[in-house]
Amino acid sequence: MINLILFGPPGSGKGTQAAKLAQEFNLLHISTGDLFRSELKNETPLGVEARKYMDKGELVPDEVTIGMLSNKLDEYAGKVDGFIFDGFPRTQPQAEALDKLLDLKNTGISLVLALEVPEDEIVTRIIERSKTSERADDKDPEIIRNRFRVYLKETAQVADHYKKSNKVVSLNGVGTIDEIFGALRSEVSKLKK
Ligand code: AMP
């Protein structure tokens, strides 16, 4: 199996690139943000709970997020060549839980691809995205800046967890979609050699 984590701040292009990588390498793209938005749209109890945090740009509590992710893995294990995680893990406990869940399925993380994009570029990109994304958390610059703060405070350190096992490759996330995809694809292709 190839199991990838696409890592980086909100608006760094994780969703766009994860979808392209999933198609190229036949992986299942799991975005916890998309899963929460789908729950929210269907007004499920999980969605109602998640909204309280999402609207403020805060993280949904770990137990809720890990439970949802675990269900998704169980649903697809054995049916796909691997997973690409987008927006997960975002905390140290989530990273540890993911390691355990994959270990139970006799697999693990192959590579963490970290996209580097400066904060001002992030805010510009997300405001632009808000014109079409219909995401409440994309519209207000203060909420966007809070998401970036939460990333620095709670998520950035998750990369250190995987650096211990030399699994992290950092790439410049500023450029055209195709340029960045080319760089990511070449890193993933090395896993197959
Ligand atoms: P995203 O689409 O990845 O930018 O996520 C949108 C929002 O969903 C985040 O600001 C969080 O409120 C919530 N969320 C998504 N993934 C996670 C996660 N792994 N842990 C906690 N909250 C998450």
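Quick caveat, the model's predicted, so the values are computed rather than measured.

Right, let's get into the pattern of salt bridges. Considering all chains together, one arrives at 18 salt bridges under this definition. The partner of Arg 149 in a salt bridge is Glu 142, and the shortest N-O contact between them spans 3.0 Å. Connected through shared salt-bridge partners, Arg 129, Arg 135, Asp 137, Asp 138 and Arg 147 make up one network.

Membership of the largest hydrophobic core comes to 31 residues, with the highest contact counts inside it found for Leu 73, Phe 85, Leu 98 and Tyr 162. Those residues in contact with Phe 85 that sit more than four places away from it in its chain are Leu 4, Ile 5, Leu 6, Ile 30, Leu 69, Leu 73, Leu 98, Leu 102 and Ile 109. Among the nonpolar cores identified, the runner-up in size contains 18 residues, and Ile 2, Ala 18, Ile 84 and Leu 111 belong to it.

Read across the open sheet, the 5 strands follow the order β2-β3-β1-β4-β5; overall the sheet is parallel. In this open sheet, the two strands that pair with only one neighbour each are β2 (28-31) and β5 (168-172). Direction aside, neighbouring strands of the sheet carry axes that sit 20 degrees apart on average. Inspection of the sheet shows β2 paired to strand β3 (residues 82-86) by 4 bridges, in the parallel sense. In the sheet register, Leu 28 faces β3, and the bridge partner there is Phe 83.

This paragraph deals with the environment of His 161. Within the element layout of this structure, His 161 appears in helix α9 (residues 158-163). A relative accessible area of 15% means that His 161 is categorised as buried. When residues no more than four places from it in sequence are discounted, the contact partners of His 161 are Gln 92, Ala 95, Glu 96 and Asp 99. Here the side chain of His 161 touches Asp 99 through a polar contact of 2.7 Å, side chain to side chain.

Reading guide: rules and limits
- Residues numbered from 1 in each chain as written.
- Predicted model: local features only at pLDDT ≥ 70, side-chain atom pairs only at ≥ 80, totals over all residues.
- Heavy atoms only, no water.
- Salt bridge = Lys/Arg side-chain N within 4 Å of Asp/Glu carboxyl O.
- Core = buried A, V, L, I, M, F, W, Y, C linked by side-chain atoms within 4.5 Å.
- Buried < 20%, exposed > 50% of the residue type's maximum accessible area, 1.4 Å probe, protein only.
- Contact = heavy atoms within 4.5 Å.
- Pairing = 2+ DSSP bridges.
- Helix = DSSP H or I, 4+ residues; strand = E, 2+ residues; numbered from the N terminus.
- Axes fitted to C-alpha atoms, helices over the stretch in contact; angles between N-to-C directions.
- Polar contact = N/O pair within 3.5 Å; in protein donor to acceptor, adjacent residues only side chain to side chain.

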